[in-house]
Amino acid sequence: MVFWCGALLVGLVSTAFAKLADLATETFRHLSAGGTSPWLLLALPAGFISSGWVAQRYFPGAQGSGIPQAIAARALEGEERRLYLTLRIAAGKFLLTLWGLLCGASIGREGPTVQIGAAIMLASARVGHLAQAKGLILAGSAAGIAAAFNTPLAGIVFAIEEMARTYQSRTNGLVLSTVVIAGIAALAISGSYTYFGEAVAYGNFPRDWLLVGVVGIAGGALGAGFSRSVLSLTRRIRRWKLAPGRKLVVVAGAAGLAVAVTGLLSGGMAFGTSYGEARLAVQGEQLPASFFLAKLLATLASTVSGIPGGLFAPSLSVGAGLGNLIGGLFSASLSFAAVLGMAAYFAGVVQSPMTAFVIVMEMTATQEHALPIMAAAMLGFGVSRLLSPEPLYHGLARLWLADALKLRRREGAA
């Protein structure tokens, strides 16, 4: 019963998070005149600094995506997992991600939902004296993705491919049960829906196989560039010999200003998740050629700023913009090209090709184009792996593990 209640709570919290995130995004659009108001040059740096300060002061461990923390927690044992997975941290992640979206940061709620789901299931394990804590973290992470997007298959694949990096048959029932229960809770509230709507994609083969190849290679190269930039900048920032408070002000303030400038230059399109723009691309509308680059830069600045927030939805928006641009150059179906771009770029960023093509197919209802979407994701993954051998989330997870080990040494010395 404790396990079922935990899984049910993951679904309810994920659904509430989704609705409040949409509300925060719409409120930002309304207050900022569609993301074109010049006061954003002051408001975004202030919003980023306040979010980073609150996270550092009251919710340490809530910064960034949340997926690296969940991966790191699986590698830790016992009470050390509480460094990154507690209900307190989950509450801070929930509130500060909403605050970031209200400020216009280029972040998503999917990574935070993973950390929140894992924290809830780990808390359930403590309450009910359940075994298999690692499996429950995995299950909570999968349920978070499934409930956030109404993509149950993607949640399961994500848990196996990204979180565990290996298939463990003894936890498959745990993951599946949690995803089903959380999904039922989300379905009862939101109903059945396709996140980006049904794409109007069509491919002309064999001619469009060239499009698949170009989009796959371009998406993988850009995804690798993003991943390497995030890891490099994050490590440089951590090595800066500045007081924590001063470092936070400099980094978060500069990142907020960069997002504000990029967003204003893009006519407001680069703020938030850019869900509306990505949906237009999936529906076959032509986007401005510069959209994908503006969105990529805004997402990079938001990610390295240290504020709580994920990069799933922004990355899918970048991929949709990239595919939309290349599709126009090839005079191909813009909808089809956008879907390919989402799969290729996302696979390039996170280096999880199965998660990429499953989540894109579930979000756009394009199962009839499974083969080209799979090919684009595999090309994106292959190119990214050549250019950036270290996977993004696992590279960031090592930094969180390093922090936990330093704390252990200090406590041992004391």
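Residues numbered from 1 in each chain as written. Predicted model: local features only at pLDDT ≥ 70, side-chain atom pairs only at ≥ 80, totals over all residues. Heavy atoms only, no water.

- If you check an unreviewed UniProt entry, the protein chain appears there as Chloride channel protein from Paracoccus methylovorus.
- Quoted verbatim from the Subcellular location (unreviewed entry) heading of the UniProt record, the comment on the protein chain is "Membrane". (UniProt positions renumbered as here; feature names shortened; annotations may be inferred.)

## Topic: unusual backbone geometry
- Here the phi dihedral of Ser 331 falls at roughly 55°; this positive angle occurs in a residue that is not glycine.
- Looking at the element boundaries, Ser 331 is found in the loop between helix 13 (312-329) and helix 14 (334-350).
- The backbone phi angle of Gln 351 is positive, close to 55°, even though this residue is not glycine.
- With respect to the helices and strands, the residue Gln 351 is situated in the loop between helix 14 and helix 15 (353-364).
- What makes Gln 351 buried here is its relative accessible area of 1%. (Helix = DSSP H or I, 4+ residues; strand = E, 2+ residues; numbered from the N terminus. Buried < 20%, exposed > 50% of the residue type's maximum accessible area, 1.4 Å probe, protein only.)

## Quick word on the environment of Leu 101
- Within the secondary structure, Leu 101 is located in helix 4 (residues 87-103).
- A sequence separation of 47 residues divides Leu 101 from Val 54, and the C-alpha atoms of the two residues are 15 Å apart.
- Setting aside its immediate chain neighbours within four residues, Leu 101 contacts Ala 21, Ala 24, Thr 25, Phe 28, Ile 107 and Thr 273. (Contact = heavy atoms within 4.5 Å.)

## Describing the nonpolar core
- In this structure, Leu 44, Phe 48, Leu 211, Phe 226, Phe 312, Leu 340 and Leu 392 are the most contacted members of the largest nonpolar core, which totals 105 residues.
- It is helix 14 that provides the largest number of residues to this core, a total of 13 residues.
- Leaving out residues up to four positions away in the same chain, Leu 44 has contacts with Phe 28, Cys 103, Gly 104, Gly 256, Val 259, Ala 260 and Phe 271. (Core = buried A, V, L, I, M, F, W, Y, C linked by side-chain atoms within 4.5 Å.)

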